[in-house]
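# Structural characterization, general
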Amino acid sequence: LVRKPEKVCWVEAAGTVRDGVRAYTALHYLSQVSPGKTVLVMDGASPFGTIAIQLAQHRGAKVISTAYSLEDKQYLERLRPPVARVIDVSNGKIDVAESCLEETGGLGVDIVLDAGVKLYSAEDESTSKSQSLPHKHDIITLLGVGGRWITTEKNLQLDPPDSHSLFLKGATVSFLNDEIWNLSNIQQGKYLYILLMIPILEDTMEKLSSSIFRPQLDEPIPLYEAKVSMEIVQKNQARKRQVIQF
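Criteria and cut-off values
Residues numbered from 1 in each chain as written. Predicted model: local features only at pLDDT ≥ 70, side-chain atom pairs only at ≥ 80, totals over all residues. Heavy atoms only, no water. Pairing = 2+ DSSP bridges. Helix = DSSP H or I, 4+ residues; strand = E, 2+ residues; numbered from the N terminus. Axes fitted to C-alpha atoms, helices over the stretch in contact; angles between N-to-C directions. Buried < 20%, exposed > 50% of the residue type's maximum accessible area, 1.4 Å probe, protein only. Arc of directions from axis to C-beta. Contact = heavy atoms within 4.5 Å. Polar contact = N/O pair within 3.5 Å; in protein donor to acceptor, adjacent residues only side chain to side chain.

### Some details on the sheet that holds strand β3 (residues 85-88)
Two orientations exist for strands paired in a sheet by backbone hydrogen bonds: parallel and antiparallel. Taking strand neighbours across the sheet as the criterion, the 6 strands line up as β3-β2-β1-β4-β5-β6 in an open arrangement whose pairing is parallel. Across the chains shown, the open sheet's two edge strands, defined by having one partner strand only, are β3 and β6 (172-175). When strand polarity is set aside, the average angle formed by the axes of neighbouring strands in this sheet is 15°. Two elements, strand β5 (residues 143-151) and β6, share 4 bridges in a ladder whose sense is parallel. Of the residues in β6, the one forming a bridge with T151 is F175.

Following this line, the structure appears as structure tokens:
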């Protein structure tokens, strides 16, 4: 539990907590973002991507992002502070690795937050978004020396050449598991859980109150429409965070 600031409404608080915790986990605990770092946020127009961009910028990082549609591209270009570069991958013609290396003067990015990667099996490329996902080789190519790759792809497999490339760069791969804080509560004890989690929740609410976090929220959904809303979310068709209002 965390105290909600008076100027933050319940819908904003409910719609930001999960993405705030994920962004902190990815950028603070898994990649130690700091001023001057370059961060690539894949699918930056998603609810999580938006919060991740805002947190990275607040920490002084330079942010590059990908867009899966013209609407996403326009949204990202309107963000303030501005994103350093928006890479439109909707038509499949732009090379993400090449664009990132160009933006960084060939040095590569320090931190990558992916939104999934292209897998080998044909069924994984059945949708237009899957076809726009980068291949794991692209991610490894665009990583700089000492880079950190934070992945949401639970089925990621690295072949020996991939591991060798990461070894030569001194780069690392970490998995962003949504349930990690619940697991830490069980495995490491409630005291450690409180020490780590409560400051994150409090800081998330503070950043929401001060408009550092500006979440992408849909209109509150009444309880009788919750089932339809959940089906949309499960199909990954929702581009804004859905909040059920009782």
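### Thoughts on helix α4 (residues 96-103)
All of the buried residues in α4 are V96, A97, S99 and C100. Projection of α4 onto a plane perpendicular to its axis shows the buried side chains occupying an angular sector of 165°, all on one side. Across α4 from its buried face, at more than 90 degrees, point the exposed residues E98 and E102. Contact partners of the buried residues in α4: β1 (38-41), β2 (62-67), β3, β4 (109-113) and α6 (136-142). Sitting at the head of α4, D95 places a side-chain oxygen 2.9 Å from the backbone nitrogen of A97. G105 lies just past α4 and shows a positive phi near 65°.

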